[in-house]
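Chain residues, written in single-letter form:
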Amino acid sequence: MTTWEMRTISIIFIAIFSFTTACFSQRKAVPVPVIFDSDMGPDYDDVGAITILHALADKGEAKILATMASTNYEGVAGVLNIFNTYFNRPDLPIGVPKGNALSLRDWQHWTDTLLAKYPHQLKTNNQAADAVSLYRKLLAGQPDNSVTIVTVGFLTNLSNLLNTSGDSYSPLTGIGLVKKKVKQLVCMAGKFPSGWEFNVMKDAQASKNVYDNWPTQIIFSGFEIGVKIKAGLPLINNKTIANSPVKNAFRIAIPMAREDSLGRSSWDETAVLIAIKGYSQWYTLHNGKMKVAADGSNTWDDAANGQAYIAEKVNYTVVQDLINQLIMHQPVKRVNRRSTGQTRSSGGSRMSQSTQNRIAQIEALSRKVDKIEANINKREREIKRVEAHERD
């Protein structure tokens, strides 16, 4: 083998290694399987939260299993369906509590406006699944210790889930099913180290049941975290975004309250953010356990374990800027693969075009290596024949 041939092969192998390394370095982490549980209506930070959920799913960081309502005012299933449809996931399962539940909704009437203006398949709550049954069905079908549940509303559904017995989906009780399938529960709930917070106190009995008996890790984003993170003004001032239910919700509601003049507090958005991206970039954890009193107030037990609330590590404006960016996320177009023969975009869950291009380049380089090796083998055979002839 000549020096030139050896150098050529070395260069090609280095190129192949570099391309392969680049592909693997750009490969995104496995998407977090998420069930999103929201009261979607008394406040509109839920709108920001579901937008961030879809934005991170489109980036390949989350896989949305379902969107649940923890309230049952008529139309809440349709509101969830509006956002799922807007972000090109119209068939995402939606659950609504079919038993006793709070029926609080927004006083600004942004939900009514969206229901009148934007497309949605679910016209009544009866068309949605029972939330607890849907939880059991989804959890039973997931790998063990894999699901992240993020709740930004009342604990009604999760309390009812814990109280279930075995059924056709799983012989396990609710507690057993959660212990087996859920990796963590992330909650926008509580005020720390103690205080009153809306999501906890409105269904205090459910909150107490969940926080006393939940069998996996719980991480809280408390009232004090989101209250000063203001979101929405960049969105409503962005003239390139039109016909958006996200923008319309913020556009309608922000001017109706003086305290929202700088934007709406981002309680729910922070919970979704850390549920999918983790907390360590922006927060530290304070370990212990929440204690919920009969009146819905909460205190913190530092001596206990299994739960934690987040505490600021960086200036809150860092998270504020990120949230304002994420809630301006626009829907990703999805192409029907069957009709076009092209790869369908699905929120990053399939291979990206750039990765496919890199793989094609690697395969082309591999074919070049094969040709060079074939030429080398041919030349070696010729050399052996010449040497054998000379010996004769």
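Preceding this section is the structure that the text describes.
Student: Looking at this structure, I do not really get helix 4 (residues 110-117). What am I missing?
Tutor: Among the residues of helix 4, those classed as buried are Trp 110, Thr 111 and Leu 114. Seen end-on, helix 4 carries its buried residues on one side only, within an arc spanning 100 degrees. In the core, the buried residues of helix 4 are packed alongside helix 2 (45-58), helix 3 (76-86) and helix 12 (245-253).

Student: Before we go on, may I ask you to explain the packing of helix 3 against helix 4 in this structure?
Tutor: Packed helix pairs are characterised by how far apart their axes lie and by the angle those axes make with each other. Here helix 3 crosses helix 4 at 60 degrees, and the two axes come no closer than 10 Å. Taken together, helix 3 and helix 4 sit at an angle that is classed as oblique. Like other packed secondary-structure pairs, helix 3 and helix 4 cross with a definite hand, here left-handed. Residue-level inspection shows Gly 78, Val 79, Ile 82 and Phe 83 of helix 3 in contact with helix 4, the latter providing Trp 110, Thr 111, Leu 114 and Leu 115.

Student: How do you make sense of a nonpolar patch on the surface when you look at a structure like this?
Tutor: On the surface, Trp 196, Phe 198 and Met 201 cluster together into a nonpolar patch covering about 300 Å² of accessible area. Looking at the secondary structure, you find Met 201 in helix 8 (residues 198-202).

Student: I keep staring at the sheet that holds strand 10 (residues 283-292) and nothing clicks. Help me out?
Tutor: Across a sheet, strands are paired by hydrogen bonds formed along the backbone, either parallel or antiparallel in direction. Pairing is mixed across the open sheet formed by ten strands, whose spatial order is 4-3-2-1-5-6-7-12-10-11. Edge positions in the sheet fall to strand 4 (129-130) and strand 11 (298-301), since each has one partner strand and no second. Examined bridge by bridge, strand 10 and strand 12 (residues 307-312) share six bridges and lie antiparallel to one another. Note that in strand 12 the partner of Leu 285 across the bridge is Ile 310. The strands that helix 7 (residues 174-181) touches are strand 5 (147-151) and strand 6 (182-188); relative to strand 6, the one it contacts most, it runs at about 100 degrees.

Student: Could you clarify how one ought to interpret the nonpolar core in this entry?
Tutor: Soluble, globular proteins show a tendency: their nonpolar side chains are buried together. Counting 63 residues, the largest nonpolar core has Phe 36, Met 40, Val 47, Phe 83, Trp 110 and Val 150 as the members making the most contacts within it. Sort the elements by how many residues they give to this core and helix 2 lands first, with eight residues. Discounting chain neighbours no more than four positions away, the residues touching Phe 36 are Asp 46, Ala 49, Ile 50, Leu 53, Ala 66, Thr 67, Met 68, Val 150, Val 152 and Val 272. Among the nonpolar cores identified, the runner-up in size contains 33 residues, and Leu 162, Trp 214, Phe 220 and Trp 300 belong to it.

Student: So what exactly am I meant to see when it comes to the packing of helix 2 against helix 12 here?
Tutor: The interhelical angle for the contact between helix 2 and helix 12, taken along N-to-C directions, is 160 degrees, at an axis separation of 10 Å. With respect to helix 12, the element helix 2 is oriented roughly antiparallel. In this structure, helix 2 meets helix 12 at a crossing whose hand is left-handed. In contact with Val 47, Gly 48 and Thr 51 of helix 2, helix 12 contributes Val 246, Ala 249 and Phe 250. Classifying every residue of the contact of helix 2 with helix 12 by side-chain character gives four nonpolar, two polar and no charged.

Student: I keep staring at the pairing of strand 6 and nothing clicks. Help me out?
Tutor: Sheet faces and side chains relate simply in a regular strand, where the side chains alternate between the two faces. Burial runs high along strand 6: six of the seven residues are buried. Strand direction decides the pairing type here: strand 5 and strand 6, joined by five bridges, are parallel. Directly across from Val 147, in strand 6, lies its bridge partner Val 182. One ladder, built from five bridges, connects strand 6 with strand 7 (residues 217-221); its direction is parallel. Of the residues in strand 7, the one forming a bridge with Val 186 is Ile 219.

Cut-offs applied
- Residues numbered from 1 in each chain as written.
- Predicted model: local features only at pLDDT ≥ 70, side-chain atom pairs only at ≥ 80, totals over all residues.
- Heavy atoms only, no water.
- Buried < 20%, exposed > 50% of the residue type's maximum accessible area, 1.4 Å probe, protein only.
- Helix = DSSP H or I, 4+ residues; strand = E, 2+ residues; numbered from the N terminus.
- Arc of directions from axis to C-beta.
- Contact = heavy atoms within 4.5 Å.
- Axes fitted to C-alpha atoms, helices over the stretch in contact; angles between N-to-C directions.
- Parallel < 35°, antiparallel > 145°, perpendicular 65-115°, else oblique.
- Left-handed = near helix turned anticlockwise from the far one by under 90°.
- Patch = residues over 30% accessible without salt bridge, like charges linked within 9 Å, V, L, I, M, F, W, Y side chains within 5 Å.
- Areas by Shrake-Rupley, 256 points an atom, 1.4 Å probe, with all protein chains shown as cover.
- Salt bridge = Lys/Arg side-chain N within 4 Å of Asp/Glu carboxyl O.
- Pairing = 2+ DSSP bridges.
- Core = buried A, V, L, I, M, F, W, Y, C linked by side-chain atoms within 4.5 Å.
- Nonpolar A, V, L, I, M, F, W, Y, C, P; charged D, E, K, R; others polar.

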